[in-house]
Amino acid sequence: MSPFDSPQDKPFDAARGKPSTALGARADFDQLTVDDVSRHFGRRRALSHISFRADGGAILGLLGPNGAGKSTMLALVATLLRPTSGRIRYGERDAGAHGAALRAAIGVLGHDLFLYPELSARENLEFFAGLYGISDGRTAAARALETAGLADRGDDPVSSFSRGMRQRVALERALIHQPRLVLLDEPFTGLDDASTAALGLRLNGLRAGAAIIVLATHDLDLAEGLLDRAVFLRDGRMIHTADRPGALRAMYRDVMTRANVASGFSRTDG
Amino acid sequence: MFAHIVWLVLRKDFTVEVRSLEIAYTTLFFAISCVLVFAFALVQEGRAPVGGAAGILWIAVAFAGTLALGRTFERERQAETLRALLLAPAARPAVYLGKLLGIVALLTAAEIVLVPLVALLFQASLLAHPVWLALILLTGTVGFAAVGTLFAAMLIRARSRDVLLPVLLYPITVPVIIAGVRATGVLLEPELDVGLLQVWLALLVCFDVVFVTLALWTFEPLMTE
């Protein structure tokens, strides 16, 4: 059995039920709906009228160049930000009324890794397991370390790890509470080929476990073949969506060229 | 569960600090330097100004506290771990309380060094009533840190947070500092006026209750965006 075939790959296996938490009932849902969402920071418009749907058992990719609004979109879905207008629904729930219950069902791997460098990998994982109300944090941390392939380095401080190793610990931190919705911001950053392949397997395992996965990246080669749906963003606007996208790089080039031409025309018209 | 989250955050901060000792060393070095500078300036021919020790002690605590507050949250900002704390389903007031207790513990450790140093350099009988002094320092430190922890968390994304923190913190905590200085001054009198001391202590407890309650109430909405 490879480390990526661990039981943690199947977070919503009916036989296992929901993870044990001491935080009370957590929200469960099988669909994320972003409905005409805009977000402004002062006078700057970071996102404008974005709508899409992400389903359980599928990976949705947010694709676009730097500054397209991918990270802002993830922060909105993660409930860290509130939309200026529009709605984000988790099944039938809104973020406002179910804050803590929703956060218990969301796992986020940010561009920054959310790890304490002075603590060991095990201490980091046990700390976050405790925050998520996992009753046996020690076992959960041990299992997460095994899944990350770092069981023998678990007691080393995170500051002594390479970027790729930190990324693997951070991914397991984000998944330690077996979230229904997994949000990943540039998850391939700093990974070598083996780690990238392992992450791909891990994501496929989560998909098989019916998790809703939203992945923001500008690394099209690595996202190739992984996505069930792609949402293309540019300058905070949604410019294209595609189901089961193939030949991502060619599609991306085509979409962005058309967007450039259109914006050129609109500027000329304006 | 609330208490468990408080304990987790406090234990995490303690472990991180024990590993690095960064904040403890800088805070202590700064506080001791502050006391020494005042001692060189104010103690003339071996005679310290009457009642000066109380003021010097609280100035050192306030300055060291500001430094500790800034550094504690700077640590959470560097790896964006405050975001991770806010993303967890744990009660956010519990996260606040854990951070507050960590700051109070750090300042208490600094005060354990500062009190004998001030008493020695300013020939003040600070240690004549250790229980009263401990109560004054604890209530004063909690009041100061309660506001400071809230502001430091709020300012974590502000570009000029190092400037803004003292600008916002000192005007609001002036009543706590004044009450702390006055109460400590009472301890330095030849005759201990217990009634007056109780008045200042009651005032400090009132400030603590108000500040901690307001901070617990406002931490969640303030940290949402």
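If you're wondering where the values come from, they're calculated on a predicted model, not measured in any experiment.

### A few points about the nonpolar core
Residues and elements named next belong to chain A. Within the largest apolar cluster, 111 residues are counted, with the highest numbers of intra-cluster contacts made by Leu62, Met73 and Leu181. No fewer than three residues from each of domain 1 (30–105 + 180–270) and domain 2 (117–178) sit in this core. Ignoring anything within four residues of it in the chain, the contact list for Leu62 reads Phe52, Lys70, Met73, Leu74, Val214, Leu215, Ala216, Thr217, Val231 and Leu233. The next biggest cluster of nonpolar side chains, apart from the first, holds 44 residues, and it includes Leu145, Ala174, Phe188 and Leu206.

### A short note on the pattern of salt bridges
Taken as a whole and assessed by the stated rule, the structure comprises 26 salt bridges over all chains. The residue A:Arg53 makes a salt bridge to A:Asp55 at a minimum N-O spacing of 3.1 Å. For B:Asp13, the salt bridge is made with B:Lys99, and the minimal N-O distance between the two is 3.0 Å. Separated by 86 residues along the polypeptide, B:Asp13 in helix H1 (residues 2–20) and B:Lys99 in helix H5 (residues 92–121) bring together distant segments of the chain.

### Side note on the domain arrangement of chain A
Residues and elements named next belong to chain A. Entries for chain A in the domain assignment read domain 1 (30–105 + 180–270) and domain 2 (117–178). For domain 1 versus domain 2, the separation of C-alpha centres amounts to 26 Å. Contacts between the two partners involve 15 residues from domain 1 and, on the opposite side, 11 residues from domain 2. Here domain 1 meets domain 2 over a buried area of about 890 Å², counting both sides, of which 61% is carbon and sulfur. Arg202 is the partner of Glu172 in a salt bridge, and the nearest nitrogen-oxygen pair spans 2.9 Å. Taken together, the connections running from domain 1 to domain 2 amount to 2 residue pairs in polar contact (both at pLDDT 80 or more). Only strand E7 (181–185) and helix H6 (193–208) provide two or more residues apiece to the side of domain 1 that touches domain 2. Of the residues forming the side of domain 1 that touches domain 2, the biggest block, 4 residues, is contributed by H6.

### Details of the environment of A:Arg234
All names here are of chain A. Considering the arrangement of structural elements, one finds Arg234 in strand E9 (residues 229–234). With 187 residues separating them along the chain, Arg234 and Leu47 place their C-alpha atoms 9.3 Å apart. Among the polar contacts listed, one links the side chain of Arg234 to the side chain of Asp235, at a separation of 3.4 Å.

### Re helix H3 (residues 121–131) of chain A
Among the 11 residues of H3(A), 8 are classified as buried, and the element is accordingly described as predominantly covered. Listed as buried for H3(A) are A:Ala121, A:Asn124, A:Leu125, A:Phe127, A:Phe128, A:Ala129, A:Gly130 and A:Leu131. Looking at the buried residues of H3(A), the elements they touch are helix H4 (137–148) and helix H5 (163–175) of chain A together with H1 and helix H4 (81–87) of chain B. Just downstream of H3(A), A:Gly133 is the residue with a positive phi angle, here 75°.

### A word on the pairing of strand E4 (residues 85–90) of chain A
Residue and element names in this part refer to chain A. Judged from the 5 bridges that link them, strand E1 (residues 31–41) and E4 form a sheet pairing that is antiparallel. If you follow Ser38 over to E4, its bridge partner there is Ser85. As paired strands, E4 and strand E5 (residues 93–94) are joined by 2 bridges and run antiparallel to one another. Within E5, the residue paired with Tyr90 across the bridge is Arg93. The turn linking E4 back onto E5 is made up of 2 residues, and Gly91 within it adopts a positive phi angle of 65°.

### Thoughts on the interface of chain A and chain B
Across the contact, 26 residues belong to chain A and 27 residues belong to chain B. For the pair chain A and chain B, the summed buried surface comes to about 2,600 Å²; carbon and sulfur atoms form 66% of the total. Applying the counting rule to chain A against chain B returns 2 salt bridges. Connecting chain A to chain B are 7 residue pairs in polar contact (both at pLDDT 80 or more). For the side of chain A that touches chain B, the elements supplying multiple residues, two or more each, are helix H2 (99–103) and H3 of chain A. No other element matches H3(A), which puts 5 residues into the side of chain A that touches chain B. Its residues placed into classes, the side of chain A that touches chain B shows 17 nonpolar, 3 polar and 6 charged.

### Concerning the confidence of the model for chain A
All names here are of chain A. For chain A, the average pLDDT comes to 85, and 87% of its residues sit at 70 or higher. Mean pLDDT across the secondary structure elements of chain A bottoms out at helix H8 (residues 248–269), with 74, and peaks at H3, with 96. Confidence over residues 1–22 falls short of pLDDT 50; this stretch has 50 contacts with residues more than four positions distant or in other chains.

### A look at the pairing of E9(A)
Residues and elements named next belong to chain A. Taken across its 6 residues, E9 has 5 buried, putting it largely inside the fold. Sheet topology places strand E3 (residues 58–63) next to E9; 4 bridges connect them, and they run parallel. Directly across from Gly61, in E9, lies its bridge partner Ala230. Hairpin connection between E9 and strand E10 (residues 237–243): a loop of 2 residues separates the two successive antiparallel strands, and Asp235 in this loop has a positive phi of roughly 50°.

### Overview of the packing of aromatic side chains
The relative placement of two aromatic rings is captured by the distance of their centres and the angle of their planes. Residue and element names in this part refer to chain A. One pass over the structure, following the stated rule, counts 9 aromatic pairs over all chains. Ring geometry for Tyr116 against Phe127: centres 5.8 Å apart, planes inclined by 80°, an arrangement best described as edge-to-face. Within this pair, whereas Tyr116 is found in the loop between strand E6 (106–109) and H3, its partner Phe127 is found in helix H3, the two being separated by 11 residues in sequence. By the burial criterion, Tyr116 is buried, and Phe127 matches it. Within the aromatic cluster, the residues linked to one another by ring pairs are Tyr116, Phe127 and Phe128. Sitting over the ring of Phe128, Arg173 keeps its end group 5.3 Å from the ring centre.

What counts and how
- Within each chain, residues carry numbers counting from 1 in the order of the written sequence.
- Labels follow written order: the first chain is A, the first ligand is 1, and so on.
- Local features in this predicted model are restricted to residues of pLDDT 70 or higher, and side-chain atom pairs are both shown and tallied only at a pLDDT of 80 or more, whereas totals for entire chains, interfaces and linings draw on every residue.
- Processing note: side-chain calculations cover all non-hydrogen atoms of the structure and skip hydrogens and water entirely.
- As used in this record, nonpolar core signifies buried Ala, Val, Leu, Ile, Met, Phe, Trp, Tyr and Cys residues forming a set joined through side-chain atoms within 4.5 Å.
- Only protein chains enter the accessibility calculation, which uses a 1.4 Å probe; a residue is then buried when its area is under 20% of its type maximum, exposed when over 50%, and partly exposed in between.
- Residue ranges labeled as domains rest on an automatic or database domain assignment.
- It only takes one pair of heavy atoms within 4.5 Å for two residues to be counted as in contact.
- Salt bridges are defined as contacts in which a side-chain nitrogen from Lys or Arg sits within 4 Å of a carboxyl oxygen from Asp or Glu.
- Strands are runs of DSSP state E lasting at least two residues, helices are runs of H or I lasting at least four, and both sets are numbered from the N terminus onward.
- A simple way to read buried area is as the amount of 1.4 Å-probe accessible surface that goes missing from two parts once joined, with both sides added.
- Identification of polar contacts relies on pairs of N or O atoms within 3.5 Å, with a donor-acceptor requirement for protein atoms, meaning one able to donate a hydrogen and the other able to accept it, and with residues adjacent in sequence counted only if both atoms are side-chain atoms.
- Strand pairing follows a simple DSSP-based rule, namely that at least 2 bridges must link the two strands.
- In the scheme used here, Gly and all other residues not listed as nonpolar or charged are polar, with Ala, Val, Leu, Ile, Met, Phe, Trp, Tyr, Cys and Pro taken as nonpolar and Asp, Glu, Lys and Arg as charged.
- Scored from 0 to 100, pLDDT records how confident the predictor is in each individual residue.
- Side-chain rings of Phe, Tyr and Trp (the six-membered ring for Trp) are treated as a pair once their centres are within 6.5 Å; stacked means planes under 30 degrees apart, edge-to-face means over 60, and tilted covers the remaining angles.
- Here, over-ring charges are defined by two tests on the NZ atom of lysine or the CZ atom of arginine: distance to the ring centre within 6 Å, and angle to the ring normal within 35 degrees.

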